[in-house]
Amino acid sequence: SGANANKIIVPAGQVLDASAGTFTPSVDQILQVKRNYAPNVSGGIVINTTSLVASGISVLITPKLSNSLILIDLNISMVQANSSASSLTARMYVNGSQMPSGSGYHIGYNGYGANEYSPMCFGGFYQASSTSSLTFEAYAQSNGGGQVRLVHPAASWSITAWEIKQ
């Protein structure tokens, strides 16, 4: 009770050791962050199929709690639809399936001659339902079958997953 009711006061010269106990995080607290980053992609990431294919831009996170919210951010510094016969679309997948509620332009669209050299960004979330590992990966396709680059040569990408307690 009183002014120090919800405080742990450690006297000077003493150490609080909680290594044997368990920590209970608060709601909305970040439990973990996983990030993959490629600063200078040699040759880029080329796509030349009209089917959605895995790009290799991925992050794996294993939730600590079964009901956590997973935030996902993807940043690609430069994409390129470098063929007049093509445009590029990209979508976010989780464990090999498109994320729920994802549209045809879930991550984005890039068209030749219009926004040919542009960044591509995505920010989304996924509700975990277990503590099984989750792999989030960008999938992409060339809408016309010509060569497109999800990542332009010498460009960079990063993908980050945050686990948030609910």
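Residues numbered from 1 in each chain as written. Predicted model: local features only at pLDDT ≥ 70, side-chain atom pairs only at ≥ 80, totals over all residues. Heavy atoms only, no water.

(A) Inspection of the overall build of the protein at higher detail. In terms of helices and strands, the protein carries zero helices and 11 strands. Start at the N end of the protein and walk to the C end: the helices and strands fall as β-β-β-β-β-β-β-β-β-β-β. A globule of 166 residues ought to have a C-alpha radius of gyration of about 15 Å, yet the protein, at 21 Å, is considerably larger. Seen through its principal axes, the protein has C-alpha atoms that stretch 70 × 30 × 25 Å. Sequence-distant contacts, at least 24 apart, represent 83% of the contacts inside the protein between residues at least 6 apart. For the protein, the computed accessible surface area is about 9000 Å², with 50% contributed by carbon and sulfur atoms. Separation between the mean location of the 7 positive side-chain charges and that of the 6 negative ones in the protein comes to 2 Å. (Helix = DSSP H or I, 4+ residues; strand = E, 2+ residues; numbered from the N terminus. Rg over C-alpha atoms; globule rule 2.2 N^0.38 Å. Contact = heavy atoms within 4.5 Å. Areas by Shrake-Rupley, 256 points an atom, 1.4 Å probe, with all protein chains shown as cover. Lys, Arg positive; Asp, Glu negative; His and termini not counted. Charge placed at Lys NZ, Arg CZ, Asp CG, Glu CD.)

(B) Region of the structure containing the pairing of strand β5 (residues 87-94). By the criterion of burial, β5 is predominantly enclosed, with eight of the eight residues buried. Judged from the four bridges that link them, β5 and strand β7 (residues 108-111) form a sheet pairing that is antiparallel. Across the sheet, the residue bridging to Ala90 is Gly108, located in β7. Sheet topology note: the β5/strand β9 (residues 134-142) ladder contains seven bridges and is antiparallel. Within β9, the residue paired with Tyr93 across the bridge is Glu137. When β5 meets strand β6 (residues 97-98), the two strands line up antiparallel, connected through two bridges. Bridging across to β6, Val94 finds its partner in Ser97. A loop of two residues connects β5 with β6, the two strands running antiparallel in sequence, and Asn95 in this loop sits at a positive phi of about 50°. (Buried < 20%, exposed > 50% of the residue type's maximum accessible area, 1.4 Å probe, protein only. Pairing = 2+ DSSP bridges.)

(C) Layout of the nonpolar core. Core analysis: the largest hydrophobic core is formed by 34 residues, its most contacted members being Ile57, Phe136 and Leu150. Broken down by secondary-structure element, the contributors of at least two residues to this core are β2 (45-47), β3 (53-61), β4 (69-80), β5, β8 (117-127), β9, β10 (148-151) and β11 (157-164). Counting residues per element, this core draws most heavily on β4, which supplies five residues. Other than its neighbours up to four places away in sequence, Ile57 contacts Ile45, Leu74, Ile76, Phe136, Glu137, Ala138, Leu150, Val151, Trp157 and Ile159. (Core = buried A, V, L, I, M, F, W, Y, C linked by side-chain atoms within 4.5 Å.)

(D) Molecular detail of the packing of aromatic side chains. Summed over the entire model, instances satisfying the criterion amount to two aromatic pairs. Ring centres of Tyr126 and Phe136 lie 5.7 Å apart, and the angle between their planes is 75°; this geometry places the pair in the edge-to-face category. One end of the pair, Tyr126, is in strand β8; the other, Phe136, is in strand β9, with 10 residues separating them in the sequence. (Phe/Tyr/Trp six-rings, centres within 6.5 Å; stacked < 30°, edge-to-face > 60°.)

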